[in-house]
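What the coordinates show
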Amino acid sequence: AAASAGLYFHSSIPARAAANPRIKSIETFPLIYPTIGRFKFFEGPKGRATGRPAVLVKVTAENGVVGWGQSVPIPKWSYETLETVDSTINHYLAPELLGLNPADQEAIEAVLRSNIAPSFSTGQPICKAGIDLALADLNGKLQKQGWWDKIWLQPAAGDAGGAVGAALVAAHMYKSQPRALNGAA
């Protein structure tokens, strides 16, 4: 099975090549945000708490529309780390994805499969998931449709809102947004 789920393209959203701008840039924002309490998967080599790693992925189209995704590598659960996800996207996947139509499922899959091939494993699925999610977001915005209304994603078992937490931390760290949720200070 392919490592990526193909979320960036839904059958009800036509891949109109001429209508879609090309991918202009792909940026990554690696971060570690603090957790409250003990989570054995978020501990360092000596059992010390390290926080929750996440790499936010920003895909920008030529017309300025932006899609966001997130990869959450956990070294105690998988072989992927914050550093490998960041490096793989920046050095191997992003350069090959630039200039492609974000809705061209076949071309995107070819890049994801050929540049980081499945060998003994599925080929960095956590890394590729962040790109998949960013492209799903971007394509929904480009088609002026919410892809989230058309598909169902199983929530991560035990996630407990970690993705929302990562987004809030990133907004605070990279966009100087206040640390507030729903207007609460």
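Notes on the structure follow. Think of each chain on its own: its residues are numbered from 1, step by step along the sequence as written. For a predicted model such as this one, the threshold for reporting local features is a pLDDT of at least 70, and the threshold for listing and counting side-chain atom pairs is 80 or more; totals across whole chains, interfaces and linings nevertheless cover every residue. Excluded from the side-chain calculations are hydrogens and water; all other atoms, namely the structure's heavy atoms, are used.

1. Side note on the sheet that holds strand S1 (residues 23-33)
- The strand order across the open sheet formed by three strands is S1-S2-S3, and the pairing between neighbours is antiparallel. Two strands close off the open sheet at either side, each with one partner strand: S1 and strand S3 (66-71). The average angle at which neighbouring strand axes cross in this sheet is 20°, direction not considered.
- A pair of strands is labelled paired if DSSP reports no fewer than 2 bridges between them. Numbering goes from the N terminus for both helices and strands, where a helix is a DSSP run of H or I of at least four residues and a strand is a run of E of at least two. As judged from the ten bridges shared by S1 and strand S2 (residues 52-61), these two strands associate in the antiparallel manner. Within S2, the residue paired with Ile32 across the bridge is Pro53.
- The criterion used for residue contact is that any of the two residues' heavy atoms lie within 4.5 Å. Helix axes are fitted only over the stretch in contact, all axes being lines through C-alpha atoms; the angle between N-to-C directions runs from 0 to 180 degrees. Each of S1, S2 and S3 touches helix H3 (residues 125-142); the most contacted strand, S3, lies at about 155° to it.

2. Looking at helix H2 (residues 105-115)
- The classification of residues rests on relative accessible area computed with a 1.4 Å probe and restricted to protein chains. Under 20% of the type maximum is buried, over 50% is exposed, and intermediate values are partly exposed. Those residues of H2 not exposed but buried are Ile108, Glu109, Val111 and Leu112. Take H2 and look down its axis: the buried residues cluster within an arc of 160°, on one side only. The exposed set on the far side of H2, more than 90 degrees from its buried face, consists of Glu106 and Ser114.
- At its buried positions, H2 is contacted by S1, helix H1 (82-97) and H3. By construction, the arc corresponds to the directions joining the helix axis to the C-beta atoms.

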